[in-house]
Amino acid sequence: MEFRHLRYFLAVAEAGHMTRAAERLGIQQPPLSLQIKALEKELGVPLFHRHPKGVTLSDAGRVFEREARRLVDDMEAMRTRMARVARGEQGELNVGFTSSAAAHAFTPETLRACRRAWPGIALSIREDHAAGITEAVEAGRLHCGLIRVPVSQPPSLTFEVLLREPVLVALPGDHALATRRRPTSLKLTELKDEGFVLVRQPGAPGLYANLLALCEARGFRPRVVAEVERMVSSLNLVAAGAGVAVVPASMRGLHAHAVAYLPLVDGAPLDAPLTLVYRTQDASGPAAHFLKIARDAARRAQPRTPSRTPSGTKA
């Protein structure tokens, strides 16, 4: 039995006449009659009662009509769903983000905007460090990701800087630099004797590499007391009094009772980008919708044109 046999049967059942059904289907009546007889032979029951004015359904035919209609409707619904998937209106979207990217209001706002605009897309989110997200996007486990600074830049991926924000020094709340009178800002050289908590990024460019270079330009090498996988972990250690850290300004609310956040007066070379990573040749369907929503949100959040960073260059 082929799917077209179901359509032939339903056309005859609706028309009550072989010739009229054949006209609706755009085929000749004799071949249609042969197809119906072959279907009845395969099922082992007569589906129609034949009479001079046409045909009527048998008891078996009425049962078969319900089943055939269900199958045809299911097939039409599947075609509709696949058309929606082809247009990117339905399907799955897997997005990853780092903990520091999630701390920026842009990230949850963009995810909410995506859910509102495309309710037919099943949105799945995952938190990881930048290297893990980059690897997952390259392997196809994620469609795209929001990170700060790329750890590696595979040639198949595009890294697009959506936003940049200033950085702040995070100090324990009871630190002398935080409790002095009117602690409005800091000079980097005031931190030369402090222990730094850094996010582990072996061989990577970006915020912390730039921080180390800026410290050396100011005449000192920072003393690193801990290296962690995520910025949130670095703030946990700062809150515990283990050292100081430099973090994006959007993270200033974390541990506000135990951490003081101060700007650097000489930290102009330092900033924290928010970078969108995706497969260059696979930005279609739900992923394309997310990219557009993210770019539109970035334009609203900051009046600047997002810059795309080709693979192999520094973000």
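Look up: the structure comes first, before these words.
Residues numbered from 1 in each chain as written. Predicted model: local features only at pLDDT ≥ 70, side-chain atom pairs only at ≥ 80, totals over all residues. Heavy atoms only, no water.

Colleague: Which residues make up the side chain of His175, and what are the values?
Modeller: In this structure, His175 sits in the loop between strand S7 (167-172) and helix H8 (176-179). His175 sits in the buried class, given a relative accessible area of 15%. There is a polar contact of 3.0 Å between the side chain of His175 and the backbone nitrogen of Leu177. (Helix = DSSP H or I, 4+ residues; strand = E, 2+ residues; numbered from the N terminus. Buried < 20%, exposed > 50% of the residue type's maximum accessible area, 1.4 Å probe, protein only. Polar contact = N/O pair within 3.5 Å; in protein donor to acceptor, adjacent residues only side chain to side chain.)

Colleague: Outline helix H10 (residues 231-239), listing residues and values.
Modeller: Within H10, the full set of buried residues consists of Met231, Ser234, Leu235 and Val238. Here the buried residues of H10 occupy an arc of 95 degrees about the axis, which is enough to place them on one side. Positive backbone phi, approximately 85 degrees, marks Gly241, located one or two places after H10. (Arc of directions from axis to C-beta.)

Colleague: Break down the packing of aromatic side chains for me, with residues and values.
Modeller: Summed over the entire model, instances satisfying the criterion amount to two aromatic pairs. A ring pair is formed by Phe9 and Phe48, whose centres lie 5.3 Å apart and whose planes are at 45 degrees; its orientation type is tilted. Here Phe9, found in helix H1 (residues 3-15), pairs with Phe48, found in strand S1 (residues 48-51); they are 39 residues apart in sequence, far enough to count as distant. For the residue pair Phe9 and Phe48, the accessibility class agrees, reading buried in each case. Their ring planes at 75 degrees and their centres at 4.9 Å tell us that Phe9 and Phe64 sit as a pair that is edge-to-face. (Phe/Tyr/Trp six-rings, centres within 6.5 Å; stacked < 30°, edge-to-face > 60°.)

Colleague: So, the packing of helix H6 (residues 106-117) against helix H11 (residues 285-301): which residues are in play, and what are the values?
Modeller: Closest axis-to-axis distance for the H6/H11 pair is 10 Å, and the angle between their directions is 130 degrees. One way to sum up the angle between H6 and H11 is to call them oblique. In this structure, the crossing between H6 and H11 has a hand that is right-handed. Mapping the contact onto sequence places Phe106, Thr110, Leu111, Ala113, Cys114 and Ala117 in H6 and Phe290, Ile293, Ala294, Ala297 and Ala298 in H11. (Axes fitted to C-alpha atoms, helices over the stretch in contact; angles between N-to-C directions. Parallel < 35°, antiparallel > 145°, perpendicular 65-115°, else oblique. Left-handed = near helix turned anticlockwise from the far one by under 90°. Contact = heavy atoms within 4.5 Å.)

Colleague: For a nonpolar patch on the surface, give the residues involved together with the corresponding values.
Modeller: There is a patch of nonpolar side chains on the surface, built from Met1, Leu43 and Val45 and spanning about 230 Å² of accessible area. Assignment of secondary structure puts Met1 in the segment before H1. (Patch = residues over 30% accessible without salt bridge, like charges linked within 9 Å, V, L, I, M, F, W, Y side chains within 5 Å. Areas by Shrake-Rupley, 256 points an atom, 1.4 Å probe, with all protein chains shown as cover. Salt bridge = Lys/Arg side-chain N within 4 Å of Asp/Glu carboxyl O.)

Any functional reading would require information beyond the geometric quantities listed.
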